[in-house]
Amino acid sequence: MSTPRTARLERTTSESKILVEIDVDGSGTHDISTGVGFYDHMLTAFARHALVDLTVRAEGDTWIDAHHTVEDSAIVLGQAIREALGDKKGTRRFGDATVPLDEALVQAVVDISGRPYCVHTGEPEGQQYVQLGGSGVSYLGSLTKHVFETIAFHGHLALHVRVLAGREPHHIVETQFKAFARAFRDAVALDPRETGVPSTKGTL
């Protein structure tokens, strides 16, 4: 597959201004600035563990709350993923990862075939109401499911995320993003049986 798997998209609405650049065949380089610190942390984890180069710059109405900025960034990220993957020929297509973070354990399974669907289960009751983040704009726990649904829909991914264990709210969210990243990394890797080109996605 010689065509670069990259995309650069911008989206401006009355609520936000978003820029996303992605290189699926990257090394985890990241430049993330959404104005929502905890979300920046999650997108950074995605870039590093998916081994994609990712830029996300967002300016949104965070004086209201984080919702529009987080949602709109996820919309553009999903669209960029879809554009960057192109016809997906020569990829493994499916990815499956189970990732721990201390007491938290999450399984994520990805199919990049173009049939958008998201199943998100297992978060403990009350997780959706947790406010995460230090000083500045907080990240509401309910946004996690919304982010995955949005990326799956706009990226044309089938995505299953199952929280198998977890107590600490930060760990529960972070493990989901890392599991998604690892499953995505596996799904988009080039299959040498199809391309004759060894994949580089198996290394850190």
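It should be noted that the structure appears before, not after, this text.
Cut-offs used in this document
- Residues numbered from 1 in each chain as written.
- Predicted model: local features only at pLDDT ≥ 70, side-chain atom pairs only at ≥ 80, totals over all residues.
- Heavy atoms only, no water.
- Core = buried A, V, L, I, M, F, W, Y, C linked by side-chain atoms within 4.5 Å.
- Buried < 20%, exposed > 50% of the residue type's maximum accessible area, 1.4 Å probe, protein only.
- Helix = DSSP H or I, 4+ residues; strand = E, 2+ residues; numbered from the N terminus.
- Contact = heavy atoms within 4.5 Å.
- Expected span 1.5 Å × (residues − 1).

**Student:** Could you give an account of the nonpolar core, with specific residues and numbers?
**Tutor:** Among the nonpolar cores identified, the biggest contains 56 residues, and Ile22, Tyr39, Leu54, Tyr139 and Phe180 are the most heavily contacted of them. For this core, the element with the highest residue contribution is helix α4 (residues 169-188), accounting for ten residues. Beyond its immediate chain neighbours, meaning those up to four positions away, Phe180 contacts Phe46, Ala108, Val110, Phe148, Ile151, Leu157 and Leu159.

**Student:** Account for helix α3 (residues 143-155), naming residues and giving values.
**Tutor:** With 13 residues, α3 extends 18 Å between its outermost C-alpha atoms, agreeing within 8% with the 18 Å of an ideal straight helix rising 1.5 Å per residue. Listing the buried residues of α3 in full gives Leu143, Thr144, Val147, Phe148, Thr150, Ile151, Ala152 and Gly155. Among the residues trailing α3, His156 stands out with phi positive, at a value near 55 degrees.

**Student:** Tell me about the side chain of Thr150, and please be specific about residues and values.
**Tutor:** As for its placement among the helices and strands, Thr150 is situated in helix α3. When neighbours within four sequence positions are excluded, Thr150 is seen to be in contact with Glu71, Ala74 and Ile75.

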